[in-house]
Amino acid sequence: MKEYGNFIDHQYVLDLLEHSKETSDEKISAILDKAERFDGLTPEEVAALLTTDKKEHIQRIFKIADKIKQHIYGDRIVMFAPLYVSDYCVNHCSYCGFNCKNKFQRTRLTMDEIREEVKILEAMGHKRLALEAGEDPVNCSIDYILECMKTIYDMKSGNGEIRRVNVNIASTTVENYKKLKEIGIGTYILFQETYHKETYERVHIAGPKKNYEYHLTAFDRAMEAGIDDVGGGVLFGLSDDWRYEILGLMLHNKHLEDTFGVGFHTISVPRMCPAEGNDLSGFHPIDDATFLRIVSIIRLAVPFTGIIISTRENSEMRKELIRLGVSQMSGGSSVDVGGYSKRERNTGSQFVTSDDRSAQDIIRWIMEEGMVPSFCTACYRKGRTGDRFMELAKSGNIKNVCLPNGLMTLKEYALDYGDEQFQNLANQVIEKHLPNIQNDKVRALVTENLKKLEQGQRDLFL
Ligand code: SF4
Ligand code: SF4
């Protein structure tokens, strides 16, 4: 078995942040010009953007983030929902409501309960789930997770089906990642929480997650096992330096690119939220202005990596963020185990959500904002993962599939779950965006497929 080691050089990060303070205006301009060409940025270039506080630089960063979002992702926002299957956890993470010191009735869903949850999620129109579970090898083993995935994929209700199951479970072995790959994992998601080792060891008080290196090298083992879509993230506000965390993300991404030829498929940007039983006084909450900078700089640095936000963010912040580069968001979410079928149940929550609108209200709102809510899972279904996905993304051709698939899945959603008023709005959005498909043949195919959907065909994608 290969041994993977720590690739975050603490002193290098500190030196980079210190020396970057001296970056000249000319150099910053050149870095921003490079970002504007969608070329992505090196960790050194990112450090220079992190350490400038000049208003004109920050304004230009926002403008370029908006441009990248428009150019690469267009107006689509991909929808997903989390599904919490177990809140058993052997770890004591000081910031999380599921931590083992928090006393509440722990739950693990039975397969029947999972079917019940999935039925509700399918009735909301979701096609893409993020399966979430705490770490407990006894009460929530890898076999249980595999059984959950199989149950989810097998559960069809009306025209509803889950077409991609992303999985967010604790760092594990190559052997277990191989099992997840075999059963059809979408993206393997794992947040580093903080790249700052001293903070990491302080906030992870006890349990296997306390091992910084083992957690940090999870994606190495996942990629060795053949999982080529991995999604990273940090919990902003855990450490006292958000700049350090962004550089940590960049070094992690570079390490994966250098070692496996492909970096993060997605980056999630949660920030500290209150959770039951936790005292947040020792943390470093991120204000809104800083948060917008964080998302924009990540957008410039890794233009082809999806950025995900959850319902931790309220509707106003979500509105700002979708302009600056967020490409995926959850909607109608419950962060309780069994929460969709028993929203009133009084179990512990991992964190508190801020956007409690229903999935359809969020979808309508995205359309009213002039954007296209998308339920697309085509890349996964077509085997466009890992470097095959990145090739398509970097060539710029991803746009030729994302918008068409977005429009077709929106039509499918409206027909299956919308009333007449909703369908009219969806049709207006589709008509408005159809001319934006540049390729004549693709546009003609989508027009034909939209009719086929009206005639009852489903699951049409490019
Ligand atoms: Fe458990 Fe994850 Fe919460 Fe830590 S963050 S207590 S590992 S569920
Ligand atoms: Fe995502 Fe691929 Fe669909 Fe585009 S075509 S929205 S990248 S799954």
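Higher on the page you've got the structure.
### Quick notes on empty space enclosed by the protein
Link 1 in the chain: The final tally for this structure, using the stated rule, is 4 cavities of 30 Å³ or more.
Link 2 in the chain: Looking at the largest cavity, its volume works out to about 340 Å³.
Link 3 in the chain: Every residue lining the largest cavity is counted, 27 residues in all, and those nearest its centre are Arg76, Arg128, His265, Phe389 and Cys402.
Link 4 in the chain: Going through the elements one at a time, α4 (55–73), β1 (76–86), α15 (378–381), α16 (386–394) and α17 (399–417) are the ones with two or more residues in the lining of the largest cavity.
Link 5 in the chain: Looking at side-chain class alone, the lining of the largest cavity contains 13 nonpolar, 9 polar and 5 charged residues.
Link 6 in the chain: Residues from two domains meet in the lining of the largest cavity; each of domain 1 (70–375) and domain 2 (396–454) gives at least three.
Link 7 in the chain: Empty space within the second largest cavity amounts to approximately 70 Å³.
Link 8 in the chain: Considering the residues around the second largest cavity, the lining is formed by Arg163, Phe375, Cys376, Thr377, Ala378, Met408, Thr409, Glu412, Leu453, Asp459, Leu460 and Phe461.
Link 9 in the chain: Here the lining of the second largest cavity gets 3 residues from one element, more than from any other, and that element is α17.
Link 10 in the chain: Taken together, the residues of the lining of the second largest cavity break down into 7 nonpolar, 2 polar and 3 charged.

### So, helix α6 (residues 142–154)
Link 1 in the chain: If you check α6, its first and last C-alpha atoms are 18 Å apart, about what 13 residues at 1.5 Å a residue would give, namely 18 Å.
Link 2 in the chain: Along α6, the positions that sit buried rather than exposed are Ile142, Tyr144, Ile145, Leu146, Cys148, Met149, Thr151, Ile152 and Tyr153.

### As for the side chain of serine 330
Link 1 in the chain: Relative to the helices and strands, serine 330 is located in strand β12 (residues 328–330).
Link 2 in the chain: Setting aside residues up to four positions removed in sequence, serine 330 forms contacts with Met79, Phe80, Pro82, Ile309, Ser310, Thr311, Arg318 and Ile362.

### A closer look at the site of ligand 1
Link 1 in the chain: Around ligand 1, the surrounding shell holds 10 residues, and the nearest of these are Cys89, Asn91, Cys93, Cys96 and Lys209.
Link 2 in the chain: Broken down by class, the residue content of the shell around ligand 1 amounts to 5 nonpolar, 4 polar and 1 charged.

### Some thoughts on the layout of surface pockets
Link 1 in the chain: Each pocket or cavity is described by its volume, and for the second largest pocket that value is around 300 Å³.
Link 2 in the chain: In this structure, the second largest pocket is lined by 20 residues; those nearest its centre are Leu41, Asn253, Glu257, Ala301 and Val302.
Link 3 in the chain: Secondary-structure elements contributing two or more residues to the lining of the second largest pocket are α11 (242–260) and α16.
Link 4 in the chain: Sort the elements by how many residues they give to the lining of the second largest pocket and α11 lands first, with 4 residues.

### Section: the site of ligand 2
Link 1 in the chain: Around ligand 2, a shell composed of 13 residues is seen, among which Cys376, Cys379, Phe389, Cys402 and Asn405 lie nearest.
Link 2 in the chain: Most atoms of ligand 2, that is more than half of them, are within 2 Å of grid points of the largest cavity.
Link 3 in the chain: Within the residue set of the shell around ligand 2, elements represented by two or more residues are β1, α15 and α17.
Link 4 in the chain: When the residues that make up the shell around ligand 2 are grouped by side-chain class, the tally is 8 nonpolar, 2 polar and 3 charged.
Link 5 in the chain: Looking at which domains feed residues into the shell around ligand 2, each of domain 1 (70–375) and domain 2 (396–454) gives three or more.

### Thoughts on the environment of leucine 41
Link 1 in the chain: Its place among the elements puts leucine 41 in the loop between α2 (25–36) and α3 (43–51).
Link 2 in the chain: Under the relative-accessibility criterion, leucine 41 is labelled buried at 10%.
Link 3 in the chain: Each C-alpha atom of the pair leucine 41 and aspartate 419 lies 45 Å from the other, and the pair is 378 residues apart in sequence.

### Some points on the nonpolar core
Link 1 in the chain: The biggest cluster of nonpolar side chains holds 153 residues, and the ones touching the most others in it are Val85, Ile145, Leu180, Tyr188 and Leu300.
Link 2 in the chain: Ranked by residue count, the leading element in this core is α17, at 9 residues.
Link 3 in the chain: When residues are assigned to domains, this core turns out to be shared by domain 1 (70–375) and domain 2 (396–454), each giving three or more.
Link 4 in the chain: Residues in contact with leucine 300, not counting those within four places in the same chain, are Leu32, Ala35, Gly40, Leu41, Leu49, Ile61, Ile64, Ala65 and Ile68.

Parameters and conventions
Residues numbered from 1 in each chain as written. Chains lettered and ligands numbered in written order. Predicted model: local features only at pLDDT ≥ 70, side-chain atom pairs only at ≥ 80, totals over all residues. Heavy atoms only, no water. 1 Å grid on protein atoms, 1.4 Å probe; cavity = no way out; pocket = protein on both sides within 12 Å on 5 of 7 lines; lining within 4 Å. Points joined across faces, edges and corners; volume = space filled by probe spheres on them. Helix = DSSP H or I, 4+ residues; strand = E, 2+ residues; numbered from the N terminus. Nonpolar A, V, L, I, M, F, W, Y, C, P; charged D, E, K, R; others polar. Domains from an automatic or database assignment. Expected span 1.5 Å × (residues − 1). Buried < 20%, exposed > 50% of the residue type's maximum accessible area, 1.4 Å probe, protein only. Contact = heavy atoms within 4.5 Å. Near = heavy atom within 4 Å. Sits in = over half its atoms within 2 Å of the grid points. Core = buried A, V, L, I, M, F, W, Y, C linked by side-chain atoms within 4.5 Å.

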